[in-house]
Amino acid sequence: MAEKINDGGPAFPIPLQPGQGWQGMAPCDGMTIRDYFAAKAMQGFVSSYGEGCITCPLLDIAEDAYEIADAMLKARGQQ
C-alpha cells in the first residue's frame, strides 16, 4: 500500500454549522494546502519562461512544483 501524501488539509477551510453543506460536501472541499503551494511554485516557474512557455517542459515543472510543496509542508510541520 502506498504511503499517504501529506496534503496539509483544506487550503481555505470554512467552519460549518450543523446541517450545513451541499450534497454531503462542505463548501471548502477542493484545493488542499499542498495544491495551493504547488500552484504558487508553478506560477513562478512558468513566469520565468515568459512567452516561450508554450514549449516549456510542463510535466517536469509540475513535478518540481509538487516537490517544493512537499518541502514547504515538511518545513511547516517543524515550526
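Here is a short report on the structure shown in this document. Since the model is a prediction, treat every value here as computed from it, not as a measurement. (Residues numbered from 1 in each chain as written. Predicted model: local features only at pLDDT ≥ 70, side-chain atom pairs only at ≥ 80, totals over all residues. Heavy atoms only, no water.)

Let's shift gears to the packing of helix α1 (residues 33-49) against helix α2 (residues 58-77). Orientation of α1 relative to α2, taken along the N-to-C sense of each, is 135°, at an axis distance of 8 Å. Judged on the interaxial angle alone, α2 and α1 are oblique. Classified by chirality, the crossing of α2 by α1 is right-handed. From α1, Ile 33, Arg 34, Asp 35, Phe 37, Ala 38, Ala 41, Met 42, Phe 45, Val 46 and Tyr 49 reach across to α2, where they touch Leu 58, Ile 61, Ala 62, Asp 64, Ala 65, Tyr 66, Ile 68, Ala 69, Asp 70, Met 72, Leu 73 and Arg 76. Of the residues assigned to the contact of α1 with α2, the class counts are 17 nonpolar, no polar and five charged. (Axes fitted to C-alpha atoms, helices over the stretch in contact; angles between N-to-C directions. Helix = DSSP H or I, 4+ residues; strand = E, 2+ residues; numbered from the N terminus. Parallel < 35°, antiparallel > 145°, perpendicular 65-115°, else oblique. Left-handed = near helix turned anticlockwise from the far one by under 90°. Contact = heavy atoms within 4.5 Å. Nonpolar A, V, L, I, M, F, W, Y, C, P; charged D, E, K, R; others polar.)

Let us look at a nonpolar patch on the surface. Among the surface-exposed residues, Phe 12, Met 31 and Tyr 36 lie close enough to one another that they form a single nonpolar patch of about 300 Å² accessible area. Mapped onto the secondary structure, Met 31 falls in the segment before α1. For Met 31, a relative accessible area of 40% corresponds to the partly exposed category. (Patch = residues over 30% accessible without salt bridge, like charges linked within 9 Å, V, L, I, M, F, W, Y side chains within 5 Å. Areas by Shrake-Rupley, 256 points an atom, 1.4 Å probe, with all protein chains shown as cover. Salt bridge = Lys/Arg side-chain N within 4 Å of Asp/Glu carboxyl O. Buried < 20%, exposed > 50% of the residue type's maximum accessible area, 1.4 Å probe, protein only.)

Moving on to α1. The end-to-end C-alpha distance of α1, which contains 17 residues, comes to 25 Å, matching closely the 24 Å that a straight helix rising 1.5 Å per residue would cover. For α1, every residue scored as buried is listed here: Ile 33, Arg 34, Phe 37, Ala 38 and Ala 41. Buried residues of α1 fall within an arc of 135° about the axis and therefore sit on the same side. For α1, the exposed residues set more than 90 degrees away from the buried face come down to Gln 43 and Ser 47. Turning to α1, the residues buried within the fold contact α2. Gly 50 sits one or two residues past α1 and shows a positive phi near 65°. (Expected span 1.5 Å × (residues − 1). Arc of directions from axis to C-beta.)

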